[in-house]
Amino acid sequence: CASILQGFLYAALGLLCLYLATYIFLFLPASHDFQALIMPLFESASVLNQQIVLDEATMAAATEAVMPALWIFAAVYIPVLLPTCYRYRMTMFRLIDHPRPRPLLAMRESRFMMHRTRFALLKLDFNLWWYYLLQVLVLLVGYGDSFLVLFGVTLPWSAEASYILFLVLSLALRAALLYVTMNRVSLTYAAAYECLLSDFEDMKAKLWANMNIPAEAPKNPWNDQY
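Every value quoted in this text rests on a predicted model; they were computed, and no experiment measured them. (Residues numbered from 1 in each chain as written. Predicted model: local features only at pLDDT ≥ 70, side-chain atom pairs only at ≥ 80, totals over all residues. Heavy atoms only, no water.)

Mapped onto the elements of the fold, Ile72 is located in helix α3 (residues 56-87). Residue class for Ile72 comes out buried when judged on its relative accessible area of 16%. Along the sequence, Ile72 and Leu20 sit 52 residues apart, while their C-alpha atoms lie 9.1 Å from each other. (Helix = DSSP H or I, 4+ residues; strand = E, 2+ residues; numbered from the N terminus. Buried < 20%, exposed > 50% of the residue type's maximum accessible area, 1.4 Å probe, protein only.)

Written out as structure tokens, the structure reads:
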């Protein structure tokens, strides 16, 4: 449920950034080719026939003309998405560690825990560059059939068989990668979570002390019956 909520949040941010990028694109000179190509099609559509049919040449030209809008969208969305993702990086840890896990509460506590610590977690990600590089390489293996076609290499079986072969190979390599490295990576992030949790609990205790609220009794998830 927490992953679904985060997905909706990222999608909503993407939609807002898409609208902003579209308006920026339309106000720039780079959109003139796209407008010159598309506007006559809209003007030719009648009230009775509002369907717009594009041939392959027009589609190719429109795709090339709209490429600047995609770059603008990436330039707007990525700086918004990355800080937001880092705010909720500890959500799953809070769900696992909390005696009564609730998605919204875990997301809120993750946001508090990551306040002014996102750059530290980013540096930890860079220290694990080898893990993410291997993830990308394993992902690229799944597209091996497409790369072979680009390099003019033909395998002695059908394209469907090549697709299945490289897909299975990619999944097998991913399983092997997770088996070898997942414990080390997970424990590294769990240690980072413990440090952030300690600071978070200290901050919460100070806040409660200033508000004259008694601290909660410690709860153990394995003793909590629910």
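Quick look at the nonpolar core now. Ranked by size, the top nonpolar core spans 15 residues in total, and within it Met90, Met113, Leu121 and Tyr189 carry the most contacts. Every element with two or more residues in this core is listed here: α6 (118-127) and α9 (159-210). It is α9 that contributes the most residues to this core, 7 residues altogether. Those residues in contact with Met90 that lie beyond four places of it in its chain are Ser110, Met113, Met114, Leu121, Tyr193 and Leu196. Ala21, Phe25, Ile72 and Met107 belong to the second-largest nonpolar core, a separate cluster that totals 11 residues. (Core = buried A, V, L, I, M, F, W, Y, C linked by side-chain atoms within 4.5 Å. Contact = heavy atoms within 4.5 Å.)

Within the secondary structure layout, Gln6 lies in helix α1 (residues 2-27). On the basis of relative accessible area, Gln6 is assigned to the buried category, the value being 11%. Filtering out sequence-adjacent residues up to four positions away, Gln6 remains in contact with Tyr88, Thr91, Met92 and Met107.

Moving on, we get to the packing of α1 against helix α5 (residues 103-113). With their axes 9 Å apart at the nearest point, α1 and α5 run at an angle of 60° to one another. Along this stretch, α1 crosses α5, giving a crossing that reads as right-handed. Across the interface between the two elements, Ala2, Leu5 and Gln6 of α1 pack against Pro103, Leu104 and Met107 of α5. For the contact of α1 with α5, the per-class residue count stands at 5 nonpolar, 1 polar and no charged. (Axes fitted to C-alpha atoms, helices over the stretch in contact; angles between N-to-C directions. Left-handed = near helix turned anticlockwise from the far one by under 90°. Nonpolar A, V, L, I, M, F, W, Y, C, P; charged D, E, K, R; others polar.)

Among the structural elements, Val80 can be located in helix α3. Separated by 63 residues in the primary sequence, Val80 and Cys17 have C-alpha atoms spaced 8.5 Å apart. For Val80, the contacting residues outside a window of four places in its chain are Leu13 and Cys17.

Our next topic: the pattern of salt bridges. What the rule picks out here adds up to 3 salt bridges. Asp97 serves as the salt-bridge partner of Arg94, at 3.6 Å between the closest nitrogen and oxygen. Note that Arg94 and Asp97 are positioned in helix α4 (residues 91-97) at a spacing of 3 residues, about one turn of the helix. A salt bridge links Glu109 to Arg94; the shortest N-O distance between them is 2.7 Å. (Salt bridge = Lys/Arg side-chain N within 4 Å of Asp/Glu carboxyl O.)

Further remarks concern the packing of aromatic side chains. Summed over all chains, the structure comprises 4 aromatic pairs. A ring pair is formed by Trp130 and Tyr131, whose centres lie 6.2 Å apart and whose planes are at 80°; its orientation type is edge-to-face. Judged by centre distance (5.3 Å) and plane angle (75°), the rings of Tyr131 and Tyr132 are edge-to-face. Since its relative accessible area comes to 32%, Tyr132 is described here as partly exposed. In this structure, Arg89 packs its charged tip against the face of Tyr86, placed 5.1 Å from the ring centre. Between the NZ or CZ atom of Arg111 and the centre of the ring of Phe112, over which it lies, the distance is 5.5 Å. (Phe/Tyr/Trp six-rings, centres within 6.5 Å; stacked < 30°, edge-to-face > 60°. Lys NZ or Arg CZ within 6 Å of the ring centre and 35° of its normal.)

What follows concerns a nonpolar patch on the surface. Together, Trp129, Leu133, Leu134, Val136, Leu137, Leu139, Leu140, Tyr143, Phe147, Leu150, Phe151 and Val153 make up a nonpolar patch on the protein surface, roughly 1,200 Å² of accessible area in all. By residue number, the principal contributor to the nonpolar patch is helix α7 (residues 129-141), which donates 7 residues. (Patch = residues over 30% accessible without salt bridge, like charges linked within 9 Å, V, L, I, M, F, W, Y side chains within 5 Å. Areas by Shrake-Rupley, 256 points an atom, 1.4 Å probe, with all protein chains shown as cover.)

With that out of the way, let us pick up the side chain of Ser162. Residue position: Ser162 is located in helix α9. Accessibility expressed as a relative area gives 7% for Ser162, which makes it buried. A polar atom in the side chain of Ser162 sits 2.8 Å from the side chain of Trp157. Setting aside chain neighbours within four positions, we find Ser162 in contact with Asp145, Leu155 and Trp157. (Polar contact = N/O pair within 3.5 Å; in protein donor to acceptor, adjacent residues only side chain to side chain.)

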